[in-house]
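# Summary of the model geometry
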Amino acid sequence: MIDRLKAVGINLVLVPPILLALVALARALPGWWVAPAGAAFALVVFLFSFLAPVLLAPLFNRFMPLDQEPLRTELHTLARSAGVPIEAVLIEDTSRRTRKANAYVTGLGRTRRLVVSDTLLADASPTEIHVVIAHELGHRRMHHVLLGTLLSLAGVIVTTIALWALLGTEVADPHRLPLLLLIPLGLTLATAPAANALSRRWEQKADRFALELTGDRAAYEQTFRRLAASNLTDLDPPKLVYLLLFTHPTPPQRLAAATAE
């Protein structure tokens, strides 16, 4: 509940000023507000790709450097083998709210970081941790965070154009606020299946990268069995639910990909 209240607070701080700026821009430039608005929204998304890991993430979790040896040295060696050396691995206090295990890459440039949940470190073996980290290194090696940011930039520009096409100068009317919020939501829902399909494809590529980097098929299979159990993953979701909501392949699909090698 506290996390949800924090999220609402962040939205209340960020969204109203953006909407007020859009209305003011539409009033000042009724004929062509779409160009500066699209550029401004894209700039905001780009900046938050850098700033979110250091400004927003600490509002929800605490992070500390991984200093456990020999694991720390092993992960740095693994990163060098992957061709993507890392400056630091951070531990996230995931256990404060869940028993799920996770790791992820986030940020761009100097704010780029590799984050590992404390639940993963507590429950998984070193070889299983290597597989998970190799998977995340695969995302970084294939620039998935950067590509995702570029897609977000394109998405916000397309959304701004859609608002301009559907509402035009009516964007300057505060009474159109419900439509102003509904149209981006509708576009997000409409494009979700394609976005999730792309995400699943990236996950499969990162899985393959992890398997090739570690060369340990048994550890790979055990890792995804453990993650499926600890994360209570749906092993066989309804097809429509899978297409609309799942950003990752199911564990059976991931294991089948390993045995197909």
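Report on the accompanying structure. (Residues numbered from 1 in each chain as written. Predicted model: local features only at pLDDT ≥ 70, side-chain atom pairs only at ≥ 80, totals over all residues. Heavy atoms only, no water.)

Once that is clear, we can look at the pattern of salt bridges. Opposite charge on two side chains allows them to pair when their charged atoms are near. If you walk through the whole model with that rule in mind, you get ten salt bridges. Linking Arg96 and Asp3 is a salt bridge whose minimum nitrogen-to-oxygen distance equals 3.9 Å. With Arg96 in the loop between strand 2 (89–92) and strand 3 (103–106) and Asp3 in helix 1 (residues 2–28), this pair connects stretches of sequence that are 93 residues apart. With a closest N to O distance of 3.7 Å, Arg72 and Glu69 form a salt bridge. Accessibility expressed as a relative area gives 34% for Arg72, which makes it partly exposed. (Salt bridge = Lys/Arg side-chain N within 4 Å of Asp/Glu carboxyl O. Helix = DSSP H or I, 4+ residues; strand = E, 2+ residues; numbered from the N terminus. Buried < 20%, exposed > 50% of the residue type's maximum accessible area, 1.4 Å probe, protein only.)

Right, let's talk about the sheet that holds strand 4 (residues 113–117) for a bit. Sheet strands pair via backbone hydrogen bonds, and the direction of the pair is either parallel or antiparallel. The strand order across the open sheet formed by four strands is 1-2-4-3, and the pairing between neighbours is mixed. The sheet is open, and its two edges are formed by strand 1 (63–65) and strand 3, each paired on a single side. On average, each strand axis in the sheet is tilted by 30° relative to the strand beside it, whichever way the strands run. Across three bridges, the pairing between strand 1 and strand 2 is antiparallel. The partner of Pro65 across the bridge, within strand 2, is Leu90. (Pairing = 2+ DSSP bridges. Axes fitted to C-alpha atoms, helices over the stretch in contact; angles between N-to-C directions.)

Let us now look at the packing of helix 5 (residues 126–141) against helix 7 (residues 177–214). Interhelical geometry of helix 5 versus helix 7 gives an angle of 125° and a closest axis separation of 7 Å. When the interaxial angle is binned, helix 5 and helix 7 end up oblique. Crossing of helix 5 over helix 7 shows right-handed handedness. Here His130, Val131, Ala134, His135, Leu137, Gly138, His139 and Arg141 of helix 5 lie close against helix 7, whose contacting residues are Trp202, Glu203, Ala206, Asp207, Phe209, Ala210, Leu213 and Thr214. Taken together, the residues that form the contact of helix 5 with helix 7 break down as eight nonpolar, five polar and three charged. (Parallel < 35°, antiparallel > 145°, perpendicular 65-115°, else oblique. Left-handed = near helix turned anticlockwise from the far one by under 90°. Contact = heavy atoms within 4.5 Å. Nonpolar A, V, L, I, M, F, W, Y, C, P; charged D, E, K, R; others polar.)

Once that is clear, we can look at helix 8 (residues 217–230). Taking 1.5 Å as the rise per residue, helix 8 with 14 residues should run 20 Å; its terminal C-alpha atoms sit 20 Å apart, in good agreement. Those residues of helix 8 that sit buried are Ala219, Tyr220, Glu221, Thr223, Phe224, Leu227 and Ala228. Backbone nitrogen of Ala218 and a side-chain oxygen of the N-cap are separated by 3.4 Å at the start of helix 8; the cap is Asp216. Once helix 8 finishes, Leu232 follows within two positions and takes phi at roughly 55°, a positive value. (Expected span 1.5 Å × (residues − 1). Polar contact = N/O pair within 3.5 Å; in protein donor to acceptor, adjacent residues only side chain to side chain.)

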